[in-house]
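Chain residues, written in single-letter form:
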Amino acid sequence: CSVNDVLACGAGLDDCDGDASNGCETRTTDAAHCGACNRRCGAGEVCAAGACVVRSAGTFLPPPPMVPGAAPAVMATGISGPQGLVIAPDGRVYVSVTGSGSIVRIDPAAKPPAVATAATGLAEPSQLAMNTGDAMVVAERSANRVTRIAINADGTAGARTMLAAGFSGPWGVTWDGAGNLLVSNEYGNTVDRVAPDGTVTRGVISGYNAPLDMRFDAT
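Engineer: What should I look at first to understand the sheet that holds strand β15 (residues 145-151) in this one?
Structural biologist: Spatially, 4 strands are ordered β13-β14-β15-β16 in an open sheet, and the strand pairing comes out antiparallel. Either end of the sheet is taken by a strand with one partner, and the two such strands are β13 (125-132) and β16 (157-165). Averaged over all neighbouring strand pairs, the angle between strand axes comes to 25 degrees, with direction disregarded. Note that strand β14 (residues 135-140) and β15 share 6 bridges and pair antiparallel. Following the sheet pairing, E140 is matched in β15 by R145.

Next up, the structure:
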């Protein structure tokens, strides 16, 4: 938006490069631009509400949510009971459908967006995660396992590999920065960790009540 042809940035954004053509390109809610352009937080500090603060153990300080500028638009319909969702680097969207044991693929580039079945025969697939463009992982809730599904160049599903088993109603899956896969157990009330070498550590976090999906914040 603009006021008298002068760029006006919304809360949490700024025009740090002085180029009006790319708008308010910088988020001023991270440690590199905390509250203002190029205001960098020091070591051990995080940005919270536009100020650099020391992060104490166990403190969760997410950036403030962005306010949508318009009403949400419908991407695709006809998916019965969608659960997990992941966006591939090529822009395709994969959605798990627990009831039908399948994963569908949405191609937003098609007009209208094309919806196709990508994989079937899964045991109550819940959440999806992806840390590379050539594969995704899915928590199979009723099989108590996590499965890796390769993604072919055309977006179709390829070979499947069981990454780990022995969970208790796995629902959420997410990758950390070190390449570990975290799995939340709905029935076990815990979060397990699967290391890159396949080693499973049970109950790295516990004390929940039917935990489902998970995400990491920027810190």
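Engineer: Explain the side chain of T98 to me, please; I cannot follow it from the model alone.
Structural biologist: Its place among the elements puts T98 in the loop between β10 (93-97) and β11 (102-107). Given the relative accessible area of 11%, T98 is considered buried. Setting aside its immediate chain neighbours within four residues, T98 contacts G81, Q83, E124, P125 and S126.

Engineer: Looking at this structure, I do not really get the packing of aromatic side chains. What am I missing?
Structural biologist: The way to describe two aromatic rings as a pair is by their centre distance and the angle between their planes. Per the stated rule, a full pass over the model turns up 0 aromatic pairs. Against the face of F167 rests R202, its NZ or CZ located 4.8 Å from the ring centre.

About the cut-offs
- Residues numbered from 1 in each chain as written.
- Predicted model: local features only at pLDDT ≥ 70, side-chain atom pairs only at ≥ 80, totals over all residues.
- Heavy atoms only, no water.
- Pairing = 2+ DSSP bridges.
- Helix = DSSP H or I, 4+ residues; strand = E, 2+ residues; numbered from the N terminus.
- Axes fitted to C-alpha atoms, helices over the stretch in contact; angles between N-to-C directions.
- Buried < 20%, exposed > 50% of the residue type's maximum accessible area, 1.4 Å probe, protein only.
- Contact = heavy atoms within 4.5 Å.
- Phe/Tyr/Trp six-rings, centres within 6.5 Å; stacked < 30°, edge-to-face > 60°.
- Lys NZ or Arg CZ within 6 Å of the ring centre and 35° of its normal.

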